[in-house]
Amino acid sequence: MLLSLNLKNFAIIDDLSIDFGKGLNIITGETGAGKSIIVDAINIILGDRASSDLIKSGQDEAQVEALFDIGDNKHLKDKLESLGFEAGDDQLLIRRILSRRGKGRVFIGGNIATYSMLEQLTEGIVDVFSQHEHQTLLKEDKHLQLLDEFGGLRVHTEEVGEVYRAYIRLKKELEECESNRRTQVEREDFLRFQCAEIDAARLQVSEDEMLEEERKRLANAERLYSITQEAYEALYEGEKSVFDTLKRIANRVEEAVKIDDTLLETAKSIEKGVVEIQDASFTLRQYAANISFDPDRLNYVDSRLQEIRRLKKKYGGTIEEILQKRKSMEEELGDISGYEGKVEDLQNQLKAVELVLNKRAYELSEKRRASSQKLMKAVEKELEKIGIKNARFVVDLTTKELSYNGGDKVAFLFSGNPDENPKPLTRVASGGELSRIMLVLKEVLARVEGGLVLIFDEADSGIGGAIAEAVGRKIKNLSQSHQVICITHLPQVAKFADTHFTVTKTLTEDSRTRVEVRSLSYEERVKELARMLGGLKVTEKTLEVAQEMLRE
């Protein structure tokens, strides 16, 4: 509910604070006293564009501030948090500063905000039933929701929404899959080429290391032959070879052992050396004999190493990484080969979900058509009670492309005369007539979760007597479930107030306009109703009638 409204240097107001109550808040006063300024200020809080004309003459800035109680409104608290504001408090303060010097400022909960944030946050907080843009019942995008609420179709609409979202997800996945399938053909050819390239190389783990060693031997064959042959001859084959010299020493030491056996171990070591020198000599001779002087083999090894280096550059730094890459490509090829089956499966799923969606949407449309007939009759019946006779209220259902809320488009149409075709509510000329239509709709659609606050700006325009009484009772009924602020000129409506405010405008001694809003006591209410009944001349009779109205 709206707890308070504070205005400073706004329009003709210097400084004004209004504390609203629960239930029905009635605002009365003479024509031109400034009652509509209150509605203008609330519209500014809701995000209306602010003109510098709204700033009091002689002032550079104006301020409009509204305090709401949002303790029971989880949806609004969630919206606050989604916009980046803390929602722990049960009260919401919105403040706008209008400036002649540049752009104004917006504050939400004490924090500066953008106009976009303000519009998003305040949508649905207040329903202003006058010729202003915040009449949520005038917005055609709300009419479908209202019809569904009236017919108790929310569950059915949500079911359609769930199926529709599943349909869209599958459709998107199928489109992506089919789009990818076109590129997968090229990808498959490329992968198969790469696999064939690696397979053709017939790589072996550590093959490159062995080839590098072989290349060194082949490139240095002559030098290796020269070294090993020279060593063989020095050790065994040449004159005064190491083998012959060591053999002679071994024989001499053997003779010494016969004299002194303490030399036995030394003799064994020398004999062992003779054997090892002989083995080493034979190994060198064999190595030299096996050395290859094959330039063709060297060319092959160089070519093979070059091929391995090329594959390393493309697929990995080692042969092991190349072979692992080959394995991952084989796995990807397996996934690609299953793409056709995936596309077919998605197509079948989409067809099945589409059938369910069409069926649910058709059933929902039939229920909406039945509900629309009931809504039209209910609204026309109530319109007659408040003086709009022979009115035609039409719930116009047309077909649209399927979406999350089905395949129906709904618009509320109205005609106040039987010889005129119904037109959209937004084209209803009379503001008072429009407010009464909105009042009836709000009452008939009482189960709809509307704004926190309902404001009726002169909903009684052009009516009186028993019709005014009926309008008053409807507004009073709405105040049982909503906070209602109603500007009225009719005592038949004002008498239902839970809190009654009067707006007065006076001139001060220095010829400045002063606007005052006061909450009336019981005695003051009697006088105000008497003024509304009798005009400038208030008699004892009008006072008695006013008291009788309040007693009722």
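In case you missed it, the structure is sitting above this.
From a predicted model like this one, the values you see are computed outputs, not experimental measurements. (Residues numbered from 1 in each chain as written. Predicted model: local features only at pLDDT ≥ 70, side-chain atom pairs only at ≥ 80, totals over all residues. Heavy atoms only, no water.)

K.L.:
So what exactly am I meant to see when it comes to the sheet that holds strand β5 (residues 91-99) here?
P.N.:
Strand order in the open sheet made by the 6 strands is β2-β1-β4-β5-β6-β7, with antiparallel pairing throughout. This sheet does not close on itself; its edge strands, each paired only once, are β2 (13-19) and β7 (111-113). When strand polarity is set aside, the average angle formed by the axes of neighbouring strands in this sheet is 15°. Looking at chain direction, β5 and strand β6 (residues 105-108) are connected through 4 bridges and run antiparallel. Paired with Ile97 across the bridge in β6 is Arg105. Across the sheet, helix α1 (residues 35-45) touches β1 (2-10), β2, β4 (61-69) and β5, and the angle it forms with β1 is around 100°. Contacting β5, β6 and β7, helix α3 (residues 115-122) runs over the sheet at an angle of about 45° to β6. (Pairing = 2+ DSSP bridges. Helix = DSSP H or I, 4+ residues; strand = E, 2+ residues; numbered from the N terminus. Axes fitted to C-alpha atoms, helices over the stretch in contact; angles between N-to-C directions. Contact = heavy atoms within 4.5 Å.)

K.L.:
Looking at this model, I keep getting lost on unusual backbone geometry. Mind explaining?
P.N.:
Generally, phi is negative for residues other than glycine and the peptide bonds are trans, each holding for most cases. The backbone phi angle of Ser206 is positive, close to 70°, even though this residue is not glycine. Relative to the helices and strands, Ser206 is located in the loop between α5 (154-201) and α6 (207-219). A positive phi is found at Asn390, a non-glycine position, where the angle reads about 55°. Structurally, Asn390 is set in the loop between α12 (339-385) and β9 (392-403). Asn390 sits in the exposed class, given a relative accessible area of 57%. (Buried < 20%, exposed > 50% of the residue type's maximum accessible area, 1.4 Å probe, protein only.)

K.L.:
Honestly, the pattern of salt bridges in this entry has me stumped. Any pointers?
P.N.:
Two side chains that carry opposite charge are able to pair once their charged atoms sit near each other. The full count for this structure, using the stated rule, is 34 salt bridges. Residues Asp498 and Lys476 are paired through a salt bridge, measuring 2.9 Å at the closest nitrogen-oxygen approach. Separated by 22 residues along the polypeptide, Asp498 in the loop between α15 (491-494) and β14 (499-507) and Lys476 in helix α14 (residues 465-478) bring together distant segments of the chain. On the basis of relative accessible area, Asp498 is assigned to the partly exposed category, the value being 42%. (Salt bridge = Lys/Arg side-chain N within 4 Å of Asp/Glu carboxyl O.)

K.L.:
Before we go on, may I ask you to explain the side chain of Gln483 in this structure?
P.N.:
Relative to the assigned elements, Gln483 resides in strand β13 (residues 483-487). The class for Gln483 is buried, based on a relative accessible area of 4%.

K.L.:
Just checking my understanding: could you explain the pairing of strand β12 (residues 453-457) for this structure?
P.N.:
Side-chain positions along a regular strand alternate between the two faces of the sheet. Among the 5 residues in β12, 5 count as buried, and that is most of the element. Residues Val453, Ile455 and Asp457 point to one face of β12 and Leu454 and Phe456 to the other, with burial holding for every one of them.

K.L.:
What is the right way to look at the sheet that holds strand β11 (residues 423-424) in this model?
P.N.:
Think of a sheet as strands paired side by side through backbone hydrogen bonds, with each pair either parallel or antiparallel. Ordered in space as β9-β10-β11, the 3 strands form an open sheet in which the pairing is antiparallel. In this open sheet, the two strands that pair with only one neighbour each are β9 and β11. With 9 bridges connecting them, β9 and strand β10 (residues 406-415) associate as antiparallel partners. The residue bridging Leu397 from the neighbouring strand is Val410, located in β10. Strands β9, β10 and β11 of the sheet are contacted by helix α4 (residues 140-150), whose axis makes an angle of about 105° with β10.

K.L.:
Hey, could you run me through the packing of aromatic side chains in this one?
P.N.:
How two aromatic rings sit relative to each other is given by the distance of their centres and the angle of their planes. In total, this model carries 6 aromatic pairs according to the counting rule given. Centroid distance Phe20 to Phe501: 5.5 Å. Interplanar angle 70°. Geometry classified as edge-to-face. Placement of the pair is Phe20 in the loop between β2 and β3 (24-29) and Phe501 in strand β14, with a sequence separation of 481 residues. Phe501 matches Phe20 in its accessibility class, with the two residues each being buried. Considering the side-chain rings of Tyr236 and Phe243, the 4.8 Å spacing of their centres and the 45° angle between planes classify their relative orientation as tilted. (Phe/Tyr/Trp six-rings, centres within 6.5 Å; stacked < 30°, edge-to-face > 60°.)

K.L.:
Looking at this structure, I do not really get the environment of Glu175. What am I missing?
P.N.:
Inspection of the secondary structure puts Glu175 in helix α5. For Glu175, a relative accessible area of 46% corresponds to the partly exposed category. With 31 residues separating them in the primary sequence, Glu175 and Leu144 have C-alpha atoms 31 Å apart.

K.L.:
Help me understand helix α9 (residues 264-290), please; the structure alone is not making it clear to me.
P.N.:
Think of an α-helix as 3.6 residues a turn; residues three or four steps apart then line up on the same face. Relative to the 39 Å expected for 27 residues at 1.5 Å per residue, α9 spans 39 Å between its end C-alpha atoms, a close match to the ideal helical length. Within the span of α9, buried status applies to Ala267, Ile270, Gly273, Val274, Ile277, Ser281 and Ala288. Buried-residue contacts for α9 involve α7 (221-237) and α8 (242-259). (Expected span 1.5 Å × (residues − 1).)

K.L.:
What's the story with the packing of α6 against helix α10 (residues 295-315) in this structure? I'm lost.
P.N.:
Each pair of packed helices can be summarised by the angle the axes make with each other and by the distance between the axes. It is at 10 Å that the axes of α6 and α10 come closest, and there the two elements cross at 145°. Between α6 and α10 lies a crossing of left-handed hand. Contact residues: α6 offers Glu207, Asp208, Leu211, Glu212, Glu214, Arg215, Leu218 and Ala219, while α10 offers Arg297, Leu298, Val301, Asp302, Arg304, Leu305, Ile308, Arg309 and Lys312. A class-by-class count of the residues in the contact of α6 with α10 yields 7 nonpolar, no polar and 10 charged. (Left-handed = near helix turned anticlockwise from the far one by under 90°. Nonpolar A, V, L, I, M, F, W, Y, C, P; charged D, E, K, R; others polar.)

K.L.:
How should the environment of Asp72 be read in this particular structure?
P.N.:
Along the chain, Asp72 turns up in the loop between β4 and α2 (74-82). Judged by its relative accessible area of 84%, Asp72 is exposed. Sequence-wise, Asp72 and Ile94 are 22 residues apart; in three dimensions their C-alpha atoms are separated by 18 Å.

K.L.:
Can you help me understand the pairing of β10 in this one?
P.N.:
In terms of burial, β10 is a largely internal element, 9 of the 10 residues being buried. Hairpin connection of β9 to β10: 2 residues between the antiparallel strands. In the sheet, β10 pairs with β11 via 2 bridges, with the strands oriented antiparallel. Bridge pairing links Leu413 to Pro424 in β11.

Function cannot be read off these values alone, since they describe shape.
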